[in-house]
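As a plain string of letters, each chain reads:
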Amino acid sequence: MAESAPDPGLPSYSDVQAAQRARCELKQNFITLTNDQLDIQELFRSVAAQLESTPEIGERHPLCDEWNELRQRHRKVYRDSQQNAGLCAHFLKNFAEILVPLAQSAEISMGQKRQMIGKFLETIPVHLNAAKENADKFGELGKEVEVFPLKVASTLRVKAEPDGFFESVWTGIEELCMSIWNTLNRLLTKIVNTFKVMLSRLEKLRFSCFGISLDVHFHRYHSLEPESDMHEMTPRQVLGEIEDNAKAIVLKLTAFESAWHVVRLACSRLMSDLALARSFASCVPTIPQACDSNLRAAALVHGPLVECLNAYSMGKSPDFF
């Protein structure tokens, strides 16, 4: 008994496998971007506050201006990339919901099919170039953030590796003395505050002597010190904190760069798939089954990307997983 031929309208097993691989890759690259964006904004704010509160720098220093420019650039790059994501998602959705069904319709001639595929092929480079530009901008921004702590180090006159042994020892002694002083200062402050609070809770003491009474009233004490153990940081500690925050920003910007690299590769693959489908529709004799198969495979692989890009354009995480 002869086996029935597979339904040409259904995707092949290899197509399904390719779609699953694409879904996993997209999950790795897009699922954390929403939280990464929030973290980047907070890290930018943290470094800005650190620069402004450092006596050697202050809010009017050129380094603060430069950092704020980087911060504004990041906002613009992210907003522009959101707009590009929305446009690319709309294009891919039209491909999957318009081109593929029409191309499989018996009412569409091979000539019309070639023309439709050609129109989509003409548009793909726009989105491919936009994806490349977004990846490059996130990458360039990351490089500038990465070198920023070196400028801070120069301003603070701090060397990561002292030139000589005695300079290293002296630097260590300075930091140790400063650490001890800060600890003692916080301890003494707490003792004084505790004593004042204790007296304030008594509210009133009465002294009596030879029939004469004297009342001493205590006003409730409120500490002017913040509850958190904030203290002045050494220049090396300031630099260390800024370096850590800058590294975290660079790491998260790399995630955006990687995500847009995936989009660029997806657009490049779609271009190849459509070019191959058009070639099957243009050869003599034409091979409509091969043309339709390539279109279906492309739609299956790029379908999840539409969800990712739509979510990204709205500042959300994709929920199709």
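This is a predicted model, so every value here is computed, not measured.

K.L.:
Before we move on, can you summarise the environment of Ser-272 with the specific residues and values?
P.N.:
Within the fold, Ser-272 resides in helix H6 (residues 235–282). When the C-alpha positions of Ser-272 and Leu-121 are compared, they lie 9.2 Å apart, and in sequence the two are 151 residues distant.

K.L.:
Please set out the nonpolar core residue by residue, giving values where relevant.
P.N.:
Core analysis: the biggest nonpolar cluster contains 67 residues, and Phe-30, Trp-67, Phe-95, Leu-274, Leu-295 and Leu-309 have the highest contact counts within it. Looking at this core, the elements that each hand over two or more residues are helix H1 (13–30), helix H2 (33–53), helix H3 (62–103), helix H4 (110–156), H6 and helix H7 (288–313). Top element by residues in this core is H6. It accounts for 18 residues. Setting aside residues no more than four positions away along its own chain, Phe-30 makes contact with Ala-259, Val-263, Leu-305, Cys-308, Leu-309, Tyr-312 and Pro-318.

K.L.:
Outline the pattern of salt bridges, supporting the account with residue identities and numerical values.
P.N.:
Within this structure, the stated rule accounts for nine salt bridges. Residues Lys-76 and Asp-80 are paired through a salt bridge, measuring 2.8 Å at the closest nitrogen-oxygen approach. With a gap of four residues between them, Lys-76 and Asp-80 both fall in helix H3, about one helical turn apart. Lys-76 sits in the partly exposed class, given a relative accessible area of 47%.

K.L.:
Describe in detail the packing of H4 against H6, supporting the description with residues and values.
P.N.:
Orientation of H4 relative to H6, taken along the N-to-C sense of each, is 165 degrees, at an axis distance of 8 Å. Here H4 is positioned roughly antiparallel relative to H6, judged by the angle of their axes. Handedness of the H4/H6 crossing: left-handed. Its residues assigned to classes, the contact of H4 with H6 comprises 34 nonpolar, eight polar and seven charged.

K.L.:
Explain the packing of aromatic side chains to me, using residue names and the numbers behind them.
P.N.:
The tally for this structure, following the rule as stated, stands at 10 aromatic pairs. Residues Phe-95 and Phe-120 carry aromatic rings whose centres are separated by 6.2 Å and whose planes lie at 65 degrees to one another, so their mutual orientation is edge-to-face. In this pair, Phe-95 is assigned in helix H3 and Phe-120 in helix H4, connecting sequence segments 25 residues apart. With relative accessibility at 1%, the residue Phe-95 sits in the buried group. The class of Phe-120 is buried, set by a relative accessible area of 14%. Within the aromatic cluster, the residues linked to one another by ring pairs are Phe-30, Tyr-78, Phe-138, Phe-256, Trp-260 and Tyr-312.

K.L.:
Break down H3 for me, with residues and values.
P.N.:
Helix length check: H3, at 42 residues, gives a terminal C-alpha distance of 59 Å against a target of 62 Å (1.5 Å per residue), a fit within 8%. Approximately 30 degrees is the largest bend angle found in H3, and it occurs at Phe-95.

K.L.:
If you had to explain empty space enclosed by the protein to someone new, which residues and values would you point to?
P.N.:
Applying the stated criterion across every chain yields a total of one cavity of 30 Å³ or more. Lining of the largest cavity is provided by Phe-30, Leu-33, Thr-34, Tyr-78, Cys-308, Tyr-312, Gly-315, Lys-316, Ser-317 and Pro-318. Broken down by secondary-structure element, the contributors of at least two residues to the lining of the largest cavity are H2 and H7. In the lining of the largest cavity, the residues fall into six nonpolar, three polar and one charged.

K.L.:
Before we move on, could you go through H2 and cite the residues and values that matter?
P.N.:
Over its 21 residues, H2 runs 30 Å from end to end, which matches the ideal 30 Å to within 8%, given 1.5 Å per residue. Turning to H2, its buried residues number three or more, namely Leu-33, Thr-34, Asp-36, Gln-37, Ile-40, Leu-43, Phe-44, Val-47, Ala-48, Gln-50 and Leu-51.

K.L.:
Describe the side chain of Lys-252, naming the residues involved and giving the relevant values.
P.N.:
Considering the arrangement of structural elements, one finds Lys-252 in helix H6. Assessed through its relative accessible area of 18%, Lys-252 is described here as buried.

K.L.:
With reference to specific residues and values, describe the packing of H3 against H6.
P.N.:
When two helices pack together, their arrangement is given by the angle between the helix axes and the distance between those axes. At a closest axis distance of 12 Å, the pairing of H3 and H6 adopts a crossing angle of 25 degrees. As judged from the angle between their axes, H3 and H6 are roughly parallel. Where H3 crosses over H6, the handedness of that crossing is left-handed. Of the residues in H6, those touching H3 at Trp-67, His-74, Tyr-78, Ser-81, Asn-84, Ala-85, Cys-88, Phe-91, Leu-92, Phe-95 and Leu-99 are Ile-249, Leu-253, Phe-256, Trp-260, Val-263, Cys-267, Leu-270 and Leu-274.

Cut-off values and rules
Residues numbered from 1 in each chain as written. Predicted model: local features only at pLDDT ≥ 70, side-chain atom pairs only at ≥ 80, totals over all residues. Heavy atoms only, no water. Helix = DSSP H or I, 4+ residues; strand = E, 2+ residues; numbered from the N terminus. Core = buried A, V, L, I, M, F, W, Y, C linked by side-chain atoms within 4.5 Å. Buried < 20%, exposed > 50% of the residue type's maximum accessible area, 1.4 Å probe, protein only. Contact = heavy atoms within 4.5 Å. Salt bridge = Lys/Arg side-chain N within 4 Å of Asp/Glu carboxyl O. Axes fitted to C-alpha atoms, helices over the stretch in contact; angles between N-to-C directions. Parallel < 35°, antiparallel > 145°, perpendicular 65-115°, else oblique. Left-handed = near helix turned anticlockwise from the far one by under 90°. Nonpolar A, V, L, I, M, F, W, Y, C, P; charged D, E, K, R; others polar. Phe/Tyr/Trp six-rings, centres within 6.5 Å; stacked < 30°, edge-to-face > 60°. Expected span 1.5 Å × (residues − 1). Bend = angle between axes of the 7 residues up to and from the residue. 1 Å grid on protein atoms, 1.4 Å probe; cavity = no way out; pocket = protein on both sides within 12 Å on 5 of 7 lines; lining within 4 Å. Points joined across faces, edges and corners; volume = space filled by probe spheres on them.

Worth remembering: the numbers are spatial, not functional.
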